[in-house]
Amino acid sequence: MFSLENITRIIHEWLNSHFNPTIALVTEFILVGVASITLFALLGLSLVWMERKVAAVMQIRLGPNRVGPKGIFQTTADTLKLLMKEGLVPDGADKFLFNLAPFIVMIVGMLILAPIAFAKNFQIWDINIGVLYLSAISSLSVIGILMAGWASNNKYSLLGAMRSGAQIVSYELSAGLSVLSIVVMTGSLSIKDIILSQQDGWWIFKAHIPALISFIIFIIAVTAETNRAPFDMAEAESELTAGFHTEYSGMRFALFFLAEYINIFIVCAIGATLFFGGWMPLHIGNWQAFNHIMDYIPSSLWFFGKTLGLIFLIMWFRWTFPRLRIDQLLNLEWKYLLPISMFNLLLMAVVAIKGWHF
Amino acid sequence: MIEEIGRTTEGDLIINVGPQHPATHGVLHLVITLNGETIKKVEPHLGYIHRSIEKMCESLSYRQFIYVTSRMDYLSSHINNHACALCVEKGLQIEVPQRAQYIRVIMDELTRIASHELWWGAMAMDLGAFTPFFHAFRERENITDIMEKTCGARLTMNYMVPGGVMAELHPDFQKDVQRFIQLYKSKFEEYNELVTGNIIFQNRMKSVGVLSKEDAISYGCSGPVARASGVFCDIRKLYPYDIYNKVEFEEIIETEGDSFARYLVRLKEMQQSIHIIEQLLGDIPEGDFQAKTKAVLKLPKGEFYQRVETARGELGVYIVSEGGTTPYRIKFRSPGFSNLSALEHMVKGLKIGDLIAAMGSLDLVIPDIDR
Amino acid sequence: MFLKDYIKDVYGAIRSVLKGMRVTGYYFTHHKEIITEQYPDNRETLKLAERFRGEVVLLHDEKNEHACTGCSACEIACPNGTIKIINKFDISPDGKKKKAIDTFVYHLELCTMCNLCIEACPTDAIKMAQTFEHSVFDRSKLTKKLNNEGSKLREGIE
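Only a predicted model underlies this, so the values are computations on that prediction, with no experimental measurement involved. (Residues numbered from 1 in each chain as written. Chains lettered and ligands numbered in written order. Predicted model: local features only at pLDDT ≥ 70, side-chain atom pairs only at ≥ 80, totals over all residues.)

**Student:** Could you clarify how one ought to interpret the overall build of chain C in this entry?
**Tutor:** In terms of helices and strands, chain C carries three helices and seven strands. For chain C, the sequential pattern of α-helices and β-strands runs α-β-β-α-β-β-α-β-β-β. Here the C-alpha radius of gyration of chain C, 29 Å, is well above what a compact globule of 158 residues would show, namely 15 Å. (Helix = DSSP H or I, 4+ residues; strand = E, 2+ residues; numbered from the N terminus. Rg over C-alpha atoms; globule rule 2.2 N^0.38 Å.)

Quick look at the structure:
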């Protein structure tokens, strides 16, 4: 049966048998780096295509359908166009910070890729504090955004970046609390343990009501964290300029644009791992025959299927709802999401202690 | 789109909104004085699309000047043409046949629905939801297809002439309109679910841009803007023309005067228009579609005024004639001009995001303001 | 009391949000609702309404004859000088001078398709065609001569 862990095992054994261990390790580092950059590029291209097609069908029209069959090369054409554009650095902008900002956002994205399990035994780095690591590193992206707003030497970019920063920092609280509630059930922060604990069913089914509330809050919070509609006031098109990335053009803008879609993929991957079992197939209790059939589908397919489902949900939000005003946005977080998620954490703790889950 | 042009000495910021807009507002240039993020003063600069229509009409005969008015408020072009034809008929004392009157009113109401559909889509797009725009255009497409079969054009239909209408109805007209009405009724529930009932839309529109009843009257607002503040000003009820005194429809009045009230007024007006069309469609009387008039029309010396209710408000056509074949002076009282003057009062003290919502709820068409 | 209102708020908000999502979800799953016309590909099957106002053409029958007497009613009715009729004088078989049309100049770049000329024509010689692709690279191509070479007035039209 096709499985990604076989590929990594074969490469590992081949390298160790031909070279000394240090060189094998360094080669593996380089291979992993190249693989993650490739994954980013492919993901960016296909997610943009997916967004345009989903938007089009919801708006009763066809999306891109001329460049390549069903328009799949449209994003490649757009990226080539962006690369050929002149990358202006505005007068008076802080050159070093201006150039550094998009790279910080991309680097943060790649760092988060490390503990995510794409398939069975196919994880770059399984540390024992996986969830804490994810939470901590995703907070670093705020630095990139504030850097971009400050270094642009433009009052409206700064305003947009400040708003964006405030929004991200507030919604991280609710996202963190929702994640915590699953950790309470699992008892471990390591991603591998969390997935393995869903061997007999996904947490969203096992811990019924609290997990559902947790999941809803998580989805709303990560939509706000990645600055997607309906929470994209900071970069709204028909309002005050385009936010923190107004002054970026050409390749740097392409990096910001790509980084936004990668962020969506990452937070959906985290959501899929925590609530829907990551690469774990759908098992129901101890129905052995059913579970055995489900195991035939490769685990990487399970993982990507769940993540794409959550990504579709986030895109569905974007094309249905209008924007929230900035004060309504912060209102939603501090008055509604935070109290409910704190209460939910209590509820989940009670459920875990009393054993009222499946 | 927005650039800073200067600071006054008190530390206020002056910025430009427009004249190019991402939404379908047209070329409206607003100069806004901000204090931090709060709006202190809004000054519209007009004239970017002034085409001197009134001066042009002085060299066109009474049959020829009607087509130019289609381009004034291009979303309610039938109603504009209707107003001009009525004014000329008033001057010449022409009796319009019943069949032509029925056709004119049905075309007017269809245009009103099409205009409100486009407003609905554009308003949702201003607030950030891109999907209702396309759904609105699908309905509008049906109406323009009906117009194309009978009048020959889709946007600037030059179909009303002094004395009636230009051509006979297409044989498929009644069937097409029936089909459209059935389709439309089923879509209305969708509009409520997608936009009106949505908590986010309601929060963006409620209590934004409040216009009290006294202010609405003193600024000269008309149409849905005034009716949302409680003013009874529907010209179709107060000064009925053609057969509006024979059809039954309600005048929609709301009292809060905020953007959500204006939104609800227009939505319910669409339903009332469907009601009017349903009443008239079945019994269009037989007869002429155009009264016999002389080849060259000469209005007697004097002044003639006619007011109609367009989708935006009260349009007035004022013709001064010296007895010749061309008018001496024509003046159009446009509804958008007076509605726009109330904008500053509505948004003082609010944030920029609210300005966009309030502007969207006013339903401005800039060629109507600039002529 | 505050708690009851709070919970009612949250519940109402979630319900309205789900209703909105149901509408867009319906359109996502029903691809038959897509109404885009794939324009340059469907030129053969495109059918416009027969009264569609594309451009003015002079009707010619199989014998290359038209019905235009050169009365200039359309030229007078046109609001912006789009039509210009140039007449010539034919010598008819019994020696009388008769007015006939030499050139029917039509400025497509000025025409607003208002239909007044068609209404004014007493012999129904002109009508609106259904072409709508008028863009050209050279502006002089838009000034058209509507009567064909060697065509003449049909018999019996005054």
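**Student:** It is not clear to me how unusual backbone geometry should be interpreted in this structure. Could you clarify?
**Tutor:** As a rule of thumb, non-glycine residues mostly have phi less than zero, and peptide bonds are mostly trans rather than cis. Of note, A:Lys70 is a non-glycine position whose phi angle comes to about 60°, a positive value. Structurally, A:Lys70 can be placed in the loop between α2 (21-58) and α3 (74-83). For A:Lys70, a count of 14 C-beta atoms within 10 Å corresponds to the partly exposed category. Unlike most non-glycine residues, B:Gln93 shows phi in positive territory, near 55°. Position of B:Gln93 among the secondary structure elements: in the loop between α3 (77-92) and α4 (98-127). (Buried ≥ 20, exposed ≤ 12 C-beta atoms within 10 Å, placed from the backbone.)

**Student:** I would appreciate a short explanation of the sheet that holds strand β6 (residues 143-145) of chain C in the present structure.
**Tutor:** Hydrogen bonds between backbone groups are what pair the strands of a sheet, and the pairing can be parallel or antiparallel. Residues and elements named next belong to chain C. Across the sheet, three strands lie side by side as β3-β4-β6; this open sheet has antiparallel pairing. The strands lining the two open edges of the sheet, one partner per strand, are β3 (83-91) and β6. Neighbour to neighbour, the strand axes of the sheet diverge by 30° on average, direction disregarded. For β3 and strand β4 (residues 97-107), the ladder comprises nine bridges, and the chain directions are antiparallel. Bridging from a neighbouring strand, Ile91 pairs with Lys97 of β4. (Pairing = 2+ DSSP bridges. Axes fitted to C-alpha atoms, helices over the stretch in contact; angles between N-to-C directions.)

**Student:** For this particular structure, what's the right way to read the domain arrangement of chain C?
**Tutor:** A common measure of how large an interface is: the accessible area buried when the components associate. Domain boundaries in chain C define domain 1 (2-35) and domain 2 (56-153). Using only C-alpha atoms to locate each centre, domain 1 of chain C and domain 2 of chain C end up separated by 59 Å. (Domains from an automatic or database assignment.)

**Student:** Looking at this model, I keep getting lost on the pairing of strand β3 (residues 29-35) of chain B. Mind explaining?
**Tutor:** Note on strand geometry: in a regular strand, side chains alternate between the two faces of the sheet. All names here are of chain B. Here strand β2 (residues 13-17) runs beside β3; their pairing, made up of five bridges, is antiparallel. Residue pairing for β3: Asn16 is matched across the bridge by Val31. In this structure, β3 lies alongside strand β4 (residues 38-45), joined through seven bridges in antiparallel fashion. For His29, the partnering residue across the bridge sits in β4 and is His45. Connecting β3 to the next strand, β4, in antiparallel fashion are two residues, including Gly36 with a positive phi near 75°.

**Student:** What am I meant to see in the interface of chain B and chain C here?
**Tutor:** Listed per partner, the contact involves 18 residues of chain B and 21 residues of chain C. At the level of elements, α5 (131-151) and α6 (173-196) of chain B are the ones that each hand at least two residues to the side of chain B that touches chain C. Take the side of chain B that touches chain C: its biggest share by element is four residues, from α5(B). Across the side of chain B that touches chain C, the residue classes tally to six nonpolar, six polar and six charged. (Contact = placed C-beta atoms within 7 Å. Nonpolar A, V, L, I, M, F, W, Y, C, P; charged D, E, K, R; others polar.)

**Student:** Explain the environment of A:Tyr156 to me, please; I cannot follow it from the model alone.
**Tutor:** Residues and elements named next belong to chain A. Among the secondary structure elements, Tyr156 is positioned in helix α7 (residues 155-186). Here Tyr156 falls in the buried class, since 20 other C-beta atoms lie within 10 Å of it. C-alpha separation for the pair Tyr156 and Gly109, spaced 47 residues apart in sequence, amounts to 26 Å.

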